[in-house]
Amino acid sequence: QVQLVESGGGLVQAGGSLRLSCAASGRTFSSYAMGWFRQAPGKEREFVAAISWSGGSTYYADSVKGRFTISRDNAKNTVYLQMNSLKPEDTAVYYCAAGRNIAAIRNDYDYWGQGTQVTVSS
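The sections below set out a description of the structure shown in this document. In this text, all values refer to a predicted model and were calculated from it rather than measured experimentally.

## A closer look at the overall build of the protein
The number of helices and strands found in the protein is 0 helices and 11 strands. The order of α-helices and β-strands along the protein, N terminus first, is β-β-β-β-β-β-β-β-β-β-β. Its C-alpha atoms give the protein a radius of gyration of 13 Å, within 12% of the compact-globule value 14 Å for 122 residues. With respect to the three principal axes, the spread of C-alpha positions in the protein is 40 × 25 × 25 Å. For the protein, the proportion of its 122 residues judged to be buried stands at 44%.

Right, here's the structure in full:
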């Protein structure tokens, strides 16, 4: 069992930056791939980024490539999402998730956090 708690969301102006954190409980964190997803009002939850258990592989949605960076610190049981050059269309609730394989599909993840709101003003 893995419990995930996101933090770091907030209100930022377009062009600004935020860093999201996702703290995981449990001693098996380092064996899980981790992902970030987001859901805007009235839209489906969509993939943002993922990272392998070791941190050696990462994968990004085209919409955030070059602006967002996913990383993890297994000693701290934490995964991060550094978001730069934010745009109003990045406004959403951001969720972290844990799964057995690095993937862009929601169903490949077994555990989810409650989400943190990111709002980007124009």
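## What about unusual backbone geometry?
The bulk of non-glycine residues show a negative phi, and the bulk of peptide bonds are trans. In this model, N77 sits at a positive phi of 55°, which is unusual for a non-glycine residue. Its location among the elements puts N77 in the loop between β7 (68–73) and β8 (78–83). Backbone geometry at S85 places phi at a positive 50°, although glycine is not the residue there. With respect to the helices and strands, S85 occurs in the loop between β8 and β9 (92–99).

## Topic: the pattern of salt bridges
By the definition in use, this model includes 4 salt bridges. The partner of K65 in a salt bridge is D62, and the shortest N-O contact between them spans 3.1 Å. Here D90 and R67 are joined by a salt bridge, their closest N and O atoms 2.8 Å apart. Of this pair, D90 sits in the loop between β8 and β9 while R67 is found in the loop between β6 (58–60) and β7, placing the two residues 23 residues apart along the sequence. Judged by its relative accessible area of 0%, D90 falls in the buried class.

## Comments concerning the sheet that holds strand β3 (residues 18–24)
Taken in spatial order, the 4 strands of this open sheet run β1-β3-β8-β7, and their pairing is antiparallel. The sheet is open, and its two edges are formed by β1 (4–7) and β7, each paired on a single side. For this sheet the average axis-to-axis angle between neighbouring strands, irrespective of direction, equals 15°. Relative to β8, β3 runs antiparallel, the two sharing 6 bridges. What sits directly across from L20, in β8, is L81.

## Some thoughts on the side chain of D90
At a separation of 2.8 Å, a polar atom in the side chain of D90 contacts the main-chain amide nitrogen of K87. Look past the residues within four positions of D90 in its chain and what remains in contact with it is R38, R67, F68, S85, V118 and V120.

## Describing the environment of G56
As for its placement among the helices and strands, G56 is situated in the loop between β5 (46–51) and β6. The class of G56 is exposed, set by a relative accessible area of 68%.

## Let's talk about the packing of aromatic side chains
One pass over the structure, following the stated rule, counts 6 aromatic pairs. Measuring from ring centre to ring centre gives 6.2 Å for Y109 and W112, while their planes differ by 65°; the resulting arrangement is edge-to-face. One aromatic cluster is present, formed by F37, F47, Y59, Y109 and W112 through successive ring pairs. R45 extends its terminal NZ or CZ atom over the ring of Y95, reaching a point 3.6 Å from the ring centre. Across the ring face of Y32, the terminal group of R100 is positioned such that the distance to the ring centre comes to 4.4 Å.

The rules behind the values
- Residues numbered from 1 in each chain as written.
- Predicted model: local features only at pLDDT ≥ 70, side-chain atom pairs only at ≥ 80, totals over all residues.
- Heavy atoms only, no water.
- Helix = DSSP H or I, 4+ residues; strand = E, 2+ residues; numbered from the N terminus.
- Rg over C-alpha atoms; globule rule 2.2 N^0.38 Å.
- Buried < 20%, exposed > 50% of the residue type's maximum accessible area, 1.4 Å probe, protein only.
- Salt bridge = Lys/Arg side-chain N within 4 Å of Asp/Glu carboxyl O.
- Pairing = 2+ DSSP bridges.
- Axes fitted to C-alpha atoms, helices over the stretch in contact; angles between N-to-C directions.
- Polar contact = N/O pair within 3.5 Å; in protein donor to acceptor, adjacent residues only side chain to side chain.
- Contact = heavy atoms within 4.5 Å.
- Phe/Tyr/Trp six-rings, centres within 6.5 Å; stacked < 30°, edge-to-face > 60°.
- Lys NZ or Arg CZ within 6 Å of the ring centre and 35° of its normal.

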